[in-house]
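Chain by chain, the residues:
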Amino acid sequence: MTSQQEDITTRRPAPEPSGDAFGHIEVRGIDFVPPQERRGTPRELFTIWAASNVAYIYIVLGGTALLLGLSLWQALAVVVLGNLFWLGVGALAVSGPAAGTPSVVIMRSMFGIRGNRLFGAGLNWLIAISYEAINLSFGSLAAFALAGHLGVTVSTPVKLVIVAVMAVATFTISIYGHATIVRLSPFFTAALVLCCVLLGVFVFGHAKFDYVPAQPLTGSSLWSALLVGVALVASAPLSWTVGADYARYLPESVSKRAVMGWTALGGFVPAVALGVIGVIAGTSVDMTDPQTSLKGILPGWFYPVFLAVIVVGAITTNVLTTYSSGLCLQGLGVRMRRSQTVFIDGVLGGAITFYALFVAEDFLATLSRWLELTVVVLGPLVAIYVTDIVLRRNRYDGVSLNDEHPGSAQWYTAGFNVAGVTAIIVGGISAGLCIHTTSWEGPVASALGGADLSALAGPAVAATVYAVLSRTLYRSRIAAAEINA
């Protein structure tokens, strides 16, 4: 073979393994991915996360920062600071190539086999199902508006068809799984980014850079609004505790920094860009209902495109959410194939959406208020996960993690890791004392004039408790796991 032929050979992409091929239903679920089935580069993580985070919610969060009473530059700072929590999502992703298993399995090292079913798989499954319903509901509402704009009579049967089509589109991609998500993500990202760039051009054309709130905040009121804003924006990246799910097919030898960086950037860049658009839009229109108010500053031809972006963004966000929720259901002990658990979660998410849109008038608002409170557990969960990676120096035995029998390395004390369970409970209580939302204000937040420290206090306490108890109770076990890995 000539040197030129050798160069061509080395540049050819490795064939996709039969268990995870584009256009075929992914075979693997929470089980260990052996080295011979690993492929790809960390760069592909960027479009996976970007496609799922070119989402309407970030425009809403940006506009909300102004509604808190902040100035233009203060609101922009809140958007950037809150989205720095994407670094945590990136940090979690590095455990995927090391373990070759999804996050819900790696969490067994933190909570134990039984403890994980409650605090790892259990919590993540409940939150994922809730987000599926919220995303599908918001996307459906935009689709209703788009259909009406195009002259369609949006009757109840038409609404039902729209919801069904969106659900099928989302859950079909999730059922096909990892390789299909990887292959389609660049196309979704490119299309959504192009539309969002146009949106940004039109919004900035109406920007009022001399914007001043009606009643400028000072002193404790200002600090309270800033902290509430940061916590609100941070709740979006904190909801993604599943970074390893999409990195587990990468070779174990890939750069940890690259995995962390591309994952974090994939979420951070679109979240900040859309958040900035939301802030800028708020200087000229009322952002209480952006879907309606933005119509006043967008060209007539572009408004349906904007609605379509909301619809497609809801679908791409739900692709990852539903994929991971199916893995969580397996992690709960459901003995079914991943494609089947994804289907079950898709049907359940669709049913909740139907109930929210067509039956219970206030249920969607109730679901939103519930998700506001999830930062109480998600912040500590991310902190415990990152701390475990540091303590173990990111050395995980994927085969051992899938051993659920009593006496296994992850069995700990009657199936519970006392360090992890204690840390998430104490961290959650600490966050609950410091949170300030529309439905609950903790006593610490109240004493501080409404300042929300939950995104800082919960993770800090949980990480400290977990590190101390792990070194006290399980030092030898962690050391043994490092050697076996």
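This is a predicted model, so every value here is computed, not measured.

Here is what the cut-offs are and how they apply
- Residues numbered from 1 in each chain as written.
- Predicted model: local features only at pLDDT ≥ 70, side-chain atom pairs only at ≥ 80, totals over all residues.
- Heavy atoms only, no water.
- Axes fitted to C-alpha atoms, helices over the stretch in contact; angles between N-to-C directions.
- Helix = DSSP H or I, 4+ residues; strand = E, 2+ residues; numbered from the N terminus.
- Parallel < 35°, antiparallel > 145°, perpendicular 65-115°, else oblique.
- Left-handed = near helix turned anticlockwise from the far one by under 90°.
- Contact = heavy atoms within 4.5 Å.
- Nonpolar A, V, L, I, M, F, W, Y, C, P; charged D, E, K, R; others polar.
- pLDDT = per-residue confidence, 0-100.
- Buried < 20%, exposed > 50% of the residue type's maximum accessible area, 1.4 Å probe, protein only.
- Polar contact = N/O pair within 3.5 Å; in protein donor to acceptor, adjacent residues only side chain to side chain.
- Phe/Tyr/Trp six-rings, centres within 6.5 Å; stacked < 30°, edge-to-face > 60°.

## Thoughts on the packing of helix α3 (residues 56-67) against helix α13 (residues 219-238)
Link 1 in the chain: In contact at an axis separation of 9 Å, α3 and α13 are set at 165° when each is read in the N-to-C sense. Between α3 and α13, the interaxial angle falls into the category roughly antiparallel. In this structure, the crossing between α3 and α13 has a hand that is left-handed. Across from Y58, L61 and T64 in α3, the residues of α13 making contact are L232, V233 and A236.
Link 2 in the chain: Looking at the contact of α3 with α13, its residues break down into five nonpolar, one polar and no charged.

## Topic: the confidence of the model for the protein chain
Link 1 in the chain: Confidence in the prediction of the protein chain, expressed as mean pLDDT, is 89, and 93% of residues score 70 or more.
Link 2 in the chain: Taken as a whole, residues 1-17 scores under 50 in pLDDT and shows nine contacts with residues more than four places along the chain or in a different chain.

## A closer look at unusual backbone geometry
Link 1 in the chain: Positive phi is not limited to glycine here, since R393 has a value of about 55°.
Link 2 in the chain: Counting through the fold element by element, R393 comes out in the loop between α19 (375-391) and α20 (398-401).
Link 3 in the chain: Located in the positive-phi region is Y412, a residue other than glycine, with phi close to 50°.
Link 4 in the chain: Mapped onto the fold, Y412 is located in the loop between α20 and α21 (418-434).
Link 5 in the chain: When its relative accessible area of 10% is taken as the criterion, Y412 is described as buried.

## Quick notes on the side chain of S52
Link 1 in the chain: With respect to the helices, strands and loops of the structure, S52 is situated in the loop between α2 (44-51) and α3.
Link 2 in the chain: Classification of S52 by relative accessible area gives buried; the value is 3%.
Link 3 in the chain: A distance of 3.1 Å separates a polar side-chain atom of S52 from the backbone oxygen of T316.
Link 4 in the chain: Apart from residues no more than four positions distant in its own chain, S52 is found in contact with W240, T316, T317 and L320.

## Description of the packing of aromatic side chains
The relation between two aromatic rings is expressed through the spacing of the ring centres and the mutual angle of the planes.
Link 1 in the chain: Under the counting rule described, the total for this entry stands at 13 aromatic pairs.
Link 2 in the chain: Look at W49 and W86: their rings are 6.1 Å apart centre to centre, the planes differ by 70°, and that puts the pair in the edge-to-face class. Of this pair, W49 sits in helix α2 while W86 sits in helix α5 (residues 86-93), placing them 37 residues apart in sequence.
Link 3 in the chain: What makes W49 buried here is its relative accessible area of 0%.
Link 4 in the chain: According to the relative accessible area criterion, W86 is buried, its value standing at 0%.
Link 5 in the chain: Between F202 and F302 the ring centres are 5.1 Å apart and the planes differ by 65°, which places this aromatic pair in the edge-to-face class. Of the two residues, F202 sits in helix α12 (residues 178-204) while F302 sits in the loop between α15 (290-293) and α16 (303-331), which places them 100 residues apart along the sequence. Neither residue differs from the other here; F202 and F302 are each classed as buried.
Link 6 in the chain: Among the aromatic residues, those joined into a ring-pair cluster are W49, W86, W240, Y246 and Y323.

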